[in-house]
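Per-entry structural report
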Amino acid sequence: MENGEMMKKYQRYLKLEKNFTGNTIEAYMRDVQKLLDYLKGEGKEPTEVVLEHLQHFAASLHDIGVGARSQCRILSGVRTFYRFLVLDGWMEDDPSELLESPKIGDHLPEVLSTEEVDMLEAAIDLTKWEGHRNRAIIEVLFSCGLRVTELVTLPLSNLYLDDGYIRVTGKGRKERLVPISQKAIKELNLWFDYRRHMNIKPGEEDYVFLNRRGAHLTRTMVLIMIKNTAELAGIKKTISPHTLRHAFATALLEGGADLRVIQAMLGHESIATTEIYTHIDTHTLREEILKHHPRNI
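Residues numbered from 1 in each chain as written. Predicted model: local features only at pLDDT ≥ 70, side-chain atom pairs only at ≥ 80, totals over all residues. Heavy atoms only, no water.

**A word on the sheet that holds strand β2 (residues 165-169)**
Overall, antiparallel pairing links the 3 strands, which are arranged β1-β2-β3 in an open sheet. Of all the strands in the sheet, the pair left with one neighbour each is β1 (159-160) and β3 (175-179). Across 2 bridges, β1 lies against β2 in antiparallel orientation. By the bridge assignment for β2, Y160 is matched with Y165. (Pairing = 2+ DSSP bridges. Helix = DSSP H or I, 4+ residues; strand = E, 2+ residues; numbered from the N terminus.)

And the structure:
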């Protein structure tokens, strides 16, 4: 299918049918392009999409730090796009009909303290095969502030544990170096003691984290694991892998790290994006380094 033709017709639809202004049309086109870029990475055409694909796209917006209001705007544009595809005969059914937008409020995102992260890890049953893997996942998320997509695609070849850092490929294929704590290194090595005895599928050998079938994990698998572990730990907060990324940023802020250091560690292009993680007056922050993370003290 030629997406260029589809987008030209969609642009005409926004102008003639919706009577949008030039700036509004540009904004709608940019937002749909975000979806098309995401689908390209998933190997999907826009007309092959079902609700689950759109839900994963929405989750990816959250993972890269897009604020709730911006998420709502983008998803509104996605719904308009799919209504057009149905009206113009590209699709029979609208997969965006049941797509939900995030609730917009003034409340802060859930934050986990270091003690609550310890509670999560303590709740994991190390007699099960996946125990050390799950502890390593939680510790790497908390110690390195990774997006869940960065975690599940992390290759062994990007680990420099002797030097105390990992190379992370983030949004836009941009790479960054992130320090890794000794506790995270310890948990990874315990997982590797088990991993080296696994029957790994061809082509999956370089992934750090694997499922029981020897293939790399998905974002959903990590989400379910963390929610189940929180329940076992008696943590009542609604948490996800992103909560541990937020806990990483908050722990650094409370320890005195400069906001721009955190920006670099999180892989944000704009300091404004980093500020959505904070609920501390940035004027009070001291210019310190990552030694203030609790796992490095």
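After presenting the structure, the write-up continues.
**A closer look at the environment of N158**
Within the element layout of this structure, N158 appears in the loop between α7 (148-152) and β1. The exposure class of N158 is buried, given its relative accessible area of 6%. Once the C-alpha coordinates of N158 and V208 are considered, the two residues, 50 residues apart in sequence, prove to be 9.4 Å apart. Setting aside residues no more than four positions away along its own chain, N158 makes contact with I166, R167 and T169. (Buried < 20%, exposed > 50% of the residue type's maximum accessible area, 1.4 Å probe, protein only. Contact = heavy atoms within 4.5 Å.)

**Brief notes about helix α1 (residues 3-16)**
Compared with an ideal rise of 1.5 Å per residue, which puts 14 residues at 20 Å, α1 spans 20 Å between its outermost C-alpha atoms and is within 8% of the ideal. Of the residues making up α1, those classed as buried are M6, M7, Y10, Y13 and L14. Buried residues of α1 fall within an arc of 115 degrees about the axis and therefore sit on the same side. In α1, the exposed positions angled more than 90 degrees off the buried face are occupied by K8, K15 and L16. Taken together, the buried residues of α1 touch α2 (22-42) and α4 (68-87). (Expected span 1.5 Å × (residues − 1). Arc of directions from axis to C-beta.)

**Some details on the pairing of β2**
Residues I166 and V168 of β2 are buried on one face, while the alternating residues Y165, R167 and T169, pointing to the opposite face, are not. The turn joining β1 and β2, which pair antiparallel and follow one another in sequence, is formed by 4 residues; a positive phi near 80 degrees is taken by G164. Bridge analysis of β2 against β3 gives 5 bridges, and the strand direction is antiparallel. When the bridges of β3 are listed, V168 appears paired with R176. If you look at the hairpin formed by β2 and β3, you'll find 5 residues sitting between the two strands, and G172 has a positive phi there, around 70 degrees.

**Overview of unusual backbone geometry**
Among all residues except glycine, the phi angle is most often negative; among peptide bonds, the trans geometry is most common. Positioned with a positive phi, N19 is a non-glycine residue whose angle comes to about 60 degrees. Within the element layout of this structure, N19 appears in the loop between α1 and α2. With a relative accessible area of 62%, N19 lands in the exposed category.

**Looking at the packing of α2 against helix α3 (residues 51-63)**
Between α2 and α3, whose axes approach to 11 Å, the crossing angle comes to 110 degrees. Looking at the two axes, α2 sits roughly perpendicular to α3. Two secondary-structure elements touch here, α2 through K34, L35 and Y38 and α3 through H53, L54, H56, F57 and S60. Here the residues of the contact of α2 with α3 are counted per class, giving 4 nonpolar, 3 polar and 1 charged. (Axes fitted to C-alpha atoms, helices over the stretch in contact; angles between N-to-C directions. Parallel < 35°, antiparallel > 145°, perpendicular 65-115°, else oblique. Nonpolar A, V, L, I, M, F, W, Y, C, P; charged D, E, K, R; others polar.)

**Overview of the packing of aromatic side chains**
For the coordinates displayed, the defined rule picks out 10 aromatic pairs. Judged by centre distance (5.8 Å) and plane angle (35 degrees), the rings of W129 and Y194 are tilted. Taken as a pair, W129 in the loop between α5 (114-122) and α6 (131-144) and Y194 in helix α8 (residues 182-195) lie far apart in primary sequence, 65 residues in all. W129 gets classed as buried once you look at its relative accessible area, which sits at 19%. Classification of Y194 as partly exposed rests on a relative accessible area of 36%. (Phe/Tyr/Trp six-rings, centres within 6.5 Å; stacked < 30°, edge-to-face > 60°.)

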